[in-house]
Structure formats: C-alpha cells, structure tokens
Amino acid sequence: MQNTKPVNSPLAGHHKLSKDHCPTSKREKEAMKKVPYQSDVGCLMYAMVCTRPDLAYAVGVVSRFMSNPGEAHWAAVKWILKYLRGTSKMCLCFGNGDPVLHGYTDADYAGDKDSRKSTSGYLMTFAGGAVS
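A few points on the structure. Going along each chain's sequence as written, the residues are numbered from 1 onward. In keeping with the predicted nature of the model, local features appear solely for residues at pLDDT of at least 70, side-chain atom pairs appear and are counted solely at 80 or more, and the whole-chain, interface and lining totals rest on all residues. Excluded from the side-chain calculations are hydrogens and water; all other atoms, namely the structure's heavy atoms, are used.

### Section: helix 4 (residues 71-86)
Taking 1.5 Å per residue, 16 residues should reach 22 Å; helix 4 reaches 23 Å between its end C-alpha atoms and fits that length. Whether two residues are in contact is decided by their heavy atoms, any of which lying within 4.5 Å being enough. Helix numbering and strand numbering both begin at the N terminus, where a helix is a DSSP run of H or I of at least 4 residues and a strand a DSSP run of E of at least 2. Considering only its buried residues, helix 4 is in contact with helix 1 (26-33), helix 2 (37-50) and helix 3 (56-62). To estimate how far a helix should extend, the number of its residues minus one is multiplied by 1.5 Å.

### Considering a nonpolar patch on the surface
Grouping into patches uses exposed residues only, defined as over 30% relative accessible area, and leaves out salt-bridged ones; the cut-off is 9 Å for like charges and 5 Å for nonpolar side chains (Val, Leu, Ile, Met, Phe, Trp, Tyr). Note on areas: Shrake-Rupley with a 1.4 Å probe; residue coverage comes only from the protein chains shown. By salt bridge we mean one thing: a side-chain nitrogen of Lys or Arg within 4 Å of a carboxyl oxygen of Asp or Glu. Taken together, L101, F126 and V131 make up a surface patch of nonpolar side chains, about 290 Å² in accessible area. For V131, the location among the structural elements is in the segment after strand 3 (129-130).

### Focus: the sheet that holds strand 2 (residues 120-126)
Pairing between two strands requires that DSSP report at least two bridges joining them. What the 3 strands build is an open sheet, ordered 1-2-3; its pairing is antiparallel. Both edges of this open sheet fall to strand 1 (101-107) and strand 3, since each of them pairs with a single strand only. As judged from the 2 bridges shared by strand 2 and strand 3, these two strands associate in the antiparallel manner. Bridge assignment links T125 to a residue of strand 3, and that residue is A130.

### Some words on the pattern of salt bridges
Tallied over the entire structure, the rule returns 2 salt bridges. A salt bridge links E30 to K33, with the shortest nitrogen-to-oxygen separation between them at 3.5 Å. One end of the pair is E30 and the other is K33, both in helix 1 and 3 residues apart, which spans about a single turn. By relative accessible area, which is 65% here, K33 ends up exposed. For D54, the salt bridge is made with R52, and the minimal N-O distance between the two is 2.9 Å. Relative accessibility thresholds used throughout: buried, under 20% of the residue-type maximum; exposed, over 50%; partly exposed, between the two (1.4 Å probe, protein chains only).

### Points about the environment of N8
Summarising the element assignment, N8 is placed in the segment before helix 1. C-alpha separation for the pair N8 and T87, spaced 79 residues apart in sequence, amounts to 7.9 Å.

### Re unusual backbone geometry
What is expected of a backbone is that most residues other than glycine have negative phi and most peptide bonds are trans. A positive phi angle is found at Y109, which is not glycine, with a value near 50 degrees. Relative to the helices and strands, Y109 resides in the loop between strand 1 and strand 2. Residue Y109 is classed as exposed on the basis of its relative accessible area, which comes to 66%. The residue R116 is not glycine, and still its phi comes out positive at about 65 degrees. Looking at the element boundaries, R116 is found in the loop between strand 1 and strand 2.

Take a look at the structure:
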C-alpha cells in the first residue's frame with residue numbers, strides 16, 4: 001500500500017458491502033484464502049481502539065465478513081489502509097476552549113443490507129477535544 005494514492009474518507013459511499021459479495025464457489029474461496037483479510041482487519045481494530053476512533057464505523061463494517069470475505073470486502077479493507085496512509089500525520093487534539101461537555105449522535109437506519117439493522121454512533125467532546 002506504500003505507493004497507492006491516499007483517500008480522504010475511511011469508507012466511501014460506493015462500498016455497499018453485503019453477504020452477496022461473499023465467495024460461493026470453491027475457486028473463489030481458495031483465492032480469498034491467500035488474502036490476509038482477517039489479519040489486516042485485526043490490525044485495523046487495534047489501531048481503532050488505541051489511537052484512531054475515526055476508523056470505528058469502517059472497521060465495524062468490514063469485520064462483519066471475517067468468516068467468509070469476498071473481493072469487495074477486501075477492496076474495502078484496502079480502501080481503509082489507503083485512508084490511513086493519507087492521514088498518518090493526523091492525531092487527536094484536545095481543545096483548550098471552554099470546559100463544556102458536548103454530545104453528538106447519529107444512526108443510519110437499516111444500513112446493513114443483510115439484516116436491515118441500524119448502526120448508531122456517538123461522539124462526546126470536552127473543551128473541544130474528543131473524549132469518547
């Protein structure tokens with residue numbers, strides 16, 4: 001991924017992942033066994049938990065397909081890695097503003113194409129810096 005063009009979002013809108021993208025033939029499954037999908041998603045999870053909360057949604061989406069990933073799922077993981085390449089110099093900054101706690105929330109309302117379940121998230125900031 002060293003020579004790839006960086007991207008500016010963790011998961012683009014054109015990545016509509018579902019179980020329909022999972023391999024069904026033996027040949028497709030064998031080809032995907034050569035791809036380090038689970039290992040890369042695990043590394044992304046570690047980065048997300050330790051230092052990169054901006055990856056939470058994207059990693060949550062690609063981790064749904066750990067047992068049977070397809071080419072589209074692998075393309076989404078590579079997209080996230082391109083995002084990390086382009087944002088490696090960015091970091092969390094804690095603000096020096098007024099000591100005020102703000103909370104934000106959002107949901108995608110049936111965004112999972114397979115189960116029609118919603119994904120929700122929240123952001124809590126204190127003095128202008130993300131704390132949760």
